[in-house]
Protein chains: 2
Amino acid sequence: MSILVVGTLAFDSVTTPFGERQDALGGSGSFLSAAGAFFGPVQLSSVIGEDFPAEHLEFLRRRQVDVSGVQQLPGKTFRWRGHYPSDTNDAQTLETQLNVLKSFEPHLPASYRRAEWVVLGNVDPELQLRVLEQVERPQLVACDTMNYWIRRSNAQLRATLRRVDLLLVNETEARELSGEHNLLRAAAVIRKMGPRLVVIKRGESGAMLIGDTDTFAIPALPLLNLRDPTGAGDTFAGTMMGYLAAQGRADPPTLRQAVALGAVMASFVVEDFSLDRLRTLGQGEILQRLGHLADLVGFDVNPMRRAVVRQGPVSAVSSL
Amino acid sequence: MSILVVGTLAFDSVTTPFGERQDALGGSGSFLSAAGAFFGPVQLSSVIGEDFPAEHLEFLRRRQVDVSGVQQLPGKTFRWRGHYPSDTNDAQTLETQLNVLKSFEPHLPASYRRAEWVVLGNVDPELQLRVLEQVERPQLVACDTMNYWIRRSNAQLRATLRRVDLLLVNETEARELSGEHNLLRAAAVIRKMGPRLVVIKRGESGAMLIGDTDTFAIPALPLLNLRDPTGAGDTFAGTMMGYLAAQGRADPPTLRQAVALGAVMASFVVEDFSLDRLRTLGQGEILQRLGHLADLVGFDVNPMRRAVVRQGPVSAVSSL
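Scope of this entry: the structure provided in the associated data block.

The next thing to look at is the relation of the copies chain B and chain A. Laying chain B over chain A is done by rotating through 180° and shifting 0.0 Å along the axis; what remains is an RMSD of 0.0 Å. When the rotation and shift are considered jointly, the pair of chain copies conforms to a two-fold rotation axis. Both copies share a contact surface, since 98% of the interface residues of chain B are interface residues in chain A too.

Below is the structure:
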């Protein structure tokens, strides 16, 4: 089953404490679709200018990404320039050139309109909604957003959220969108806005999935070699959706697996600039790191249960 | 098997966004021993002034804490006044009155000297060392410290660390002690200073245990009702050591369990001021939250493995 991705294709210029890269392939659409394509076919809706190199589209095509929904417009491709003062996940935006993004009117090819698994990357919520309106009968709609839209286009974002099943936000965004500091309370408020599932991406604190009856949390994989956090969130979301579509379901156990796999794939993409780490990433490495994550969090609860029960008299005495 | 705790007994005055409490029972020794005593007997080495109420010692005694090593000196008990601007784990110290702590010379009763499980709470590293020198043959020595000692008594702390097996620090302390920002690298540097095991307490990001061959991480339990973070770290450490002593071993699986149980017990203590939550905490609640933690982090890695392998051709094609 294919996933439908809407997101930007961009030239990113990034500096981090570990180096810099100029005009590299970036944008939510790149990361979302390259990550999703590890698990199945992807249909990408996006926009590029006349300066977008054929090799980037060719890279995506070879990854089973359908780029027939990528519109080429007169002018320049979207550009972003950012700086990471430390290896946290908060970028400082130094410059944004919207360019062709300003006049982007998404028109989905007929084959895209039957998509069941939809990821709305971090773009103007009006664009997100316009894409969604062209999809006939989506099974699960995931949406990413950012503080900029929460502040500037709150009403439009709320309209989009009413049609979203799964919202992915970071901690700051969850707090700003909900007005609640406590993350459980924040998720509860957001769930009333529409999404029945909320994923809170917490960078080096891991990730949390909050649903109706199920709450899941994983720590971040401890990394020795983080070089560029750009795209971590999109890689996470693209992986989640690619995996759910491949499994053909989004029940709680499968959602947990999707979050864990998203964290694994995100842990790779930050090891190099742009999408470079995804270009060379092989099956064996993914399997190895999956094993690493499973091992990282594993513990046996039964000896603890026995120790607590054995010490029963302590708490009985203490409550005298 | 008993654990030996050295730590302060104090009057804490604390304000948090959720309330305030004046002159409540606090100090690392209180939390360490009250938490450890949930899992077995505790021997407490500490100091109090003439103003320390008998009821606090009586509370500890009823919890199977041996207080024969608590020395009463002329003068006032140690006092700490702190403020938490938000529900993070960083307290602002408003006032510290060392009082009797200034003249504390720990003399361990004979029965304490045979202790095998030793927790050096956050006090002057010289005091920690002086306690340690009186213990005949410790099996595992755990140590807590803070930035104050890292900065002011670095040489003394280093001398103590050479005899420590398990160091518990928060992220900031790990970075400051090691000079490394990356937590894995920080732990590696600290392990060269002596402790073969490093636990990094990360507040609402959970905790990480780094040993020779084993790395373990858990997310924090998401809490709806956090009232006062004071004592979370000591409750964590006391629980870890109480559990290890009860199990009589500190192999990697048992250490993982100790960390998980420590996180569970710490998640209770922050729900109320002072040690109040530990006073009423019963077996059933601990068992329930243990189940909650196990459930929070559980996922099945096998369907993910199959999905990765199934998509083999993708990465093969992509690397062309």
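Still more ground to cover, so stick around.
Looking now at the pairing of strand 10 (residues 166–170) of chain B. Residues and elements named next belong to chain B. The element strand 10 is largely enclosed, with a buried count of 5 among its 5 residues. Across the two faces of strand 10 the burial is the same, with Leu166, Leu168 and Asn170 and Leu167 and Val169 all buried. Across 3 bridges, strand 9 (residues 140–144) lies against strand 10 in parallel orientation. Directly across from aspartate 144, in strand 10, lies its bridge partner leucine 168. As paired elements, strand 10 and strand 11 (residues 197–201) share 5 bridges and run parallel to each other. For leucine 166, the partnering residue across the bridge sits in strand 11 and is leucine 197.

The next thing to look at is the interface of chain B and chain A. Residue-level contacts link 66 residues of chain B with 65 residues of chain A. The contact between chain B and chain A buries some 5700 Å² in all, and 59% of this surface belongs to carbon and sulfur atoms. Per-residue buried area on chain B facing chain A is highest for Gln283(B), Phe299(B) and Val308(B); these three make up 11% of the total on that side. Between chain B and chain A we count 4 salt bridges in total. Summed over the shared surface of chain B and chain A, the result is 19 residue pairs in polar contact (both at pLDDT 80 or more). Among the elements of the structure, helix 6 (171–178), helix 7 (183–192), strand 13 (215–218), helix 8 (232–247), helix 9 (252–269), helix 11 (283–297), helix 12 (301–310) and helix 13 (312–318) of chain B are those that each provide at least two residues to the side of chain B that touches chain A. Ranked by residue count, the leading element in the side of chain B that touches chain A is helix 11 of chain B, at 10 residues.

Moving on: the sheet that holds strand 3 (residues 19–26) of chain A. Residues and elements named next belong to chain A. The strand order across the open sheet formed by 4 strands is 3-2-6-7, and the pairing between neighbours is mixed. In the strand order of this sheet, the two ends are held by strand 3 and strand 7 (92–97), each with one partner. This sheet shows a mean twist of 15° between the axes of neighbouring strands, independent of strand direction. Two strands pair when backbone bridges link them, and strand 2 (residues 10–16) and strand 6 (residues 78–83) are joined in this way by 6 bridges, in the parallel orientation. Looking at strand 6, one finds that serine 13 is bridged to arginine 81.

All names here are of chain A. Of all 5 residues in strand 9 (residues 140–144), 5 are buried; the element is thus mostly enclosed. The alternating pattern of strand 9 places Leu140, Ala142 and Asp144 on one face and Val141 and Cys143 on the opposite face, and all of these are buried. Examined bridge by bridge, strand 8 (residues 117–120) and strand 9 share 4 bridges and lie parallel to one another. Looking at strand 9, one finds that valine 119 is bridged to alanine 142. After leaving strand 8, the chain enters helix 3 (residues 125–133) and then returns to the sheet as strand 9, a path that is right-handed.

All names here are of chain B. Taken together, the buried positions of helix 12 are occupied by Val301, Pro303, Met304, Ala307 and Val308. Down the axis, helix 12 shows its buried residues gathered within 160° of arc, on one side only. With a side-chain oxygen positioned 3.0 Å from the backbone nitrogen of asparagine 302, the residue opening helix 12 is aspartate 300.

Another point: the packing of helix 8 (residues 232–247) of chain A against helix 12 of chain B. Here helix 8 of chain A crosses helix 12 of chain B at 90°, and the two axes come no closer than 11 Å. In this view, helix 8 of chain A runs roughly perpendicular relative to helix 12 of chain B, as classed from their interaxial angle. In contact with Tyr243(A), Ala246(A) and Gln247(A) of helix 8 of chain A, helix 12 of chain B contributes Pro303(B), Met304(B), Ala307(B) and Arg310(B). Its residues placed into classes, the contact of helix 8 of chain A with helix 12 of chain B shows 5 nonpolar, 1 polar and 1 charged.

Residues and elements named next belong to chain B. With respect to the secondary-structure elements, glutamine 22 resides in strand 3 (residues 19–26). For glutamine 22, the side chain forms a polar contact with the side chain of serine 13, separated by 3.4 Å. Of note is the side chain of glutamine 22, whose polar atom sits 3.0 Å from the side chain of glutamate 20.

Next up on the list: the pattern of salt bridges. All names here are of chain A. Enumeration over the complete set of coordinates arrives at 43 salt bridges over all chains. Taking the shortest distance from any N to any O, the salt bridge between arginine 151 and glutamate 176 comes out at 2.5 Å. Of this pair, arginine 151 sits in helix 4 (residues 147–152) while glutamate 176 sits in helix 6 (residues 171–178), placing them 25 residues apart in sequence. Several salt bridges converge on common partners, so that one network encompasses Arg21, Arg227, Asp272, Asp276 and Arg279.

Residues and elements named next belong to chain B. In the contact formed by helix 1 (residues 28–36) and helix 8, the axes pass within 7 Å of each other and the chain directions differ by 40°. When the axes of helix 1 and helix 8 are compared, the pair comes out oblique. Helix 1 and helix 8 meet at a crossing whose hand is right-handed. For the pair helix 1 and helix 8, contact is made by Ser28, Phe31, Leu32, Ala35 and Gly36 and by Asp234, Thr235, Ala237, Gly238, Thr239 and Gly242, respectively. Taken together, the residues that form the contact of helix 1 with helix 8 break down as 4 nonpolar, 6 polar and 1 charged.

The rules behind each value
- Residues numbered from 1 in each chain as written.
- Chains lettered and ligands numbered in written order.
- Predicted model: local features only at pLDDT ≥ 70, side-chain atom pairs only at ≥ 80, totals over all residues.
- Heavy atoms only, no water.
- Least-squares fit on C-alpha atoms with pLDDT ≥ 70 in both.
- Contact = heavy atoms within 4.5 Å.
- Buried < 20%, exposed > 50% of the residue type's maximum accessible area, 1.4 Å probe, protein only.
- Helix = DSSP H or I, 4+ residues; strand = E, 2+ residues; numbered from the N terminus.
- Pairing = 2+ DSSP bridges.
- Buried area = accessible area lost by both parts, 1.4 Å probe.
- Salt bridge = Lys/Arg side-chain N within 4 Å of Asp/Glu carboxyl O.
- Polar contact = N/O pair within 3.5 Å; in protein donor to acceptor, adjacent residues only side chain to side chain.
- Axes fitted to C-alpha atoms, helices over the stretch in contact; angles between N-to-C directions.
- Right-handed = clockwise from strand over helix to strand, strands pointing away.
- Arc of directions from axis to C-beta.
- Parallel < 35°, antiparallel > 145°, perpendicular 65-115°, else oblique.
- Nonpolar A, V, L, I, M, F, W, Y, C, P; charged D, E, K, R; others polar.
- Left-handed = near helix turned anticlockwise from the far one by under 90°.

Take it as geometry only, folks, not as evidence of what the structure does.
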